[in-house]
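# Examination of the molecular architecture
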Amino acid sequence: MFLRITLKKRLWNKYRQSKHPDIYERYQHSLAVLKKALEIRKTFKLPVMKSQVIAASLLHDYAKFVSREEFSRIIEKYQLDSSILELSPQLWHAFLGPYVVHEELGITDVEVLDAIRYHTTGNLNMTLLGEIIFLADYTDDTRIEEYFQEAKALSKVNFYGAIAQKIKQIIASNHHEISQELRLMYEKYRRLDGSNFNH
Ligand SMILES: [Fe+2]
Ligand SMILES: [Fe+2]
């Protein structure tokens, strides 16, 4: 409980400093992702530490309002590929968030940092924690639009099927070139879904 309270406070303080108009909404979303991620862990009896679920879900959007200048600094400091900034700005907070979270909160758990890194795009080698956050971010209580309802319904009964549904929708909404990795991810989760693997 202490971890949850501490991270909520740190998250809100970080958002408040940005003075961005969407901080309240984004904070509510972060809390809803926490609730959803814990629900998924429980429903499917997933063997993941609760503290990791709490940290990764509360912090997955920690860098949402970080400025482009700050991201540039991080890219320079860690000698990252600067073409990250040519990707959609929607992706910066995911790919660069782990560095911000590590620097400002001292988080060193690689699984938590990777779950933050891939919460938007997913990844072929997601850990169970990564899968939980990837799904929770798409099916939390703030996702009220019709668009999310199928994945939300699946997320209560079929863990891998719900993940496959999110990937399918990402592919369908991607107007640009569809990456080979997304196709492979979709096949992977359809296969896992079809095998009726039970946790
Ligand atoms: Fe995000
Ligand atoms: Fe999010």
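Please refer to the structure higher up on the page.
Below: a short report on this structure. (Residues numbered from 1 in each chain as written. Chains lettered and ligands numbered in written order. Predicted model: local features only at pLDDT ≥ 70, side-chain atom pairs only at ≥ 80, totals over all residues.)

### Let's talk about the overall build of the protein chain
On a plain count of helices and strands, the protein chain comes out with 10 helices and zero strands. Counting from the amino terminus, the protein chain carries its helices and strands in the arrangement α-α-α-α-α-α-α-α-α-α. For the protein chain, the C-alpha radius of gyration of 16 Å lies close to 16 Å, the compact-globule estimate for 199 residues. C-alpha atoms of the protein chain, sized along the principal axes, occupy 45 × 40 × 30 Å. Relative to its 199 residues, the protein chain shows a buried fraction of 37%. Sequence-distant contacts, at least 24 apart, represent 60% of the contacts inside the protein chain between residues at least 6 apart. (Helix = DSSP H or I, 4+ residues; strand = E, 2+ residues; numbered from the N terminus. Rg over C-alpha atoms; globule rule 2.2 N^0.38 Å. Buried ≥ 20, exposed ≤ 12 C-beta atoms within 10 Å, placed from the backbone. Contact = placed C-beta atoms within 7 Å.)

### Let's talk about the packing of helix H2 (residues 23–43) against helix H7 (residues 128–139)
With their axes 8 Å apart at the nearest point, H2 and H7 run at an angle of 125° to one another. Relative to H7, the element H2 lies oblique. Every pair of crossing elements has a handedness; the one defined by H2 and H7 is right-handed. Contacts between H2 and H7 pair Val33, Lys36, Ala37, Ile40 and Arg41 from the former with Ile132, Ile133, Leu135, Ala136, Asp137 and Thr139 from the latter. Among the residues making up the contact of H2 with H7, the classes are represented as seven nonpolar, one polar and three charged. (Axes fitted to C-alpha atoms, helices over the stretch in contact; angles between N-to-C directions. Parallel < 35°, antiparallel > 145°, perpendicular 65-115°, else oblique. Left-handed = near helix turned anticlockwise from the far one by under 90°. Nonpolar A, V, L, I, M, F, W, Y, C, P; charged D, E, K, R; others polar.)

### A short note on unusual backbone geometry
Here the phi dihedral of lysine 45 falls at roughly 50°; this positive angle occurs in a residue that is not glycine. Here lysine 45 is to be found in the loop between H2 and helix H3 (50–59). Lysine 45 gets classed as exposed once you count the C-beta atoms within 10 Å, which come to 8. One non-glycine residue with positive phi stands out, namely glutamine 79, at about 50°. Here glutamine 79 shows up in the loop between helix H4 (68–77) and helix H5 (89–105).

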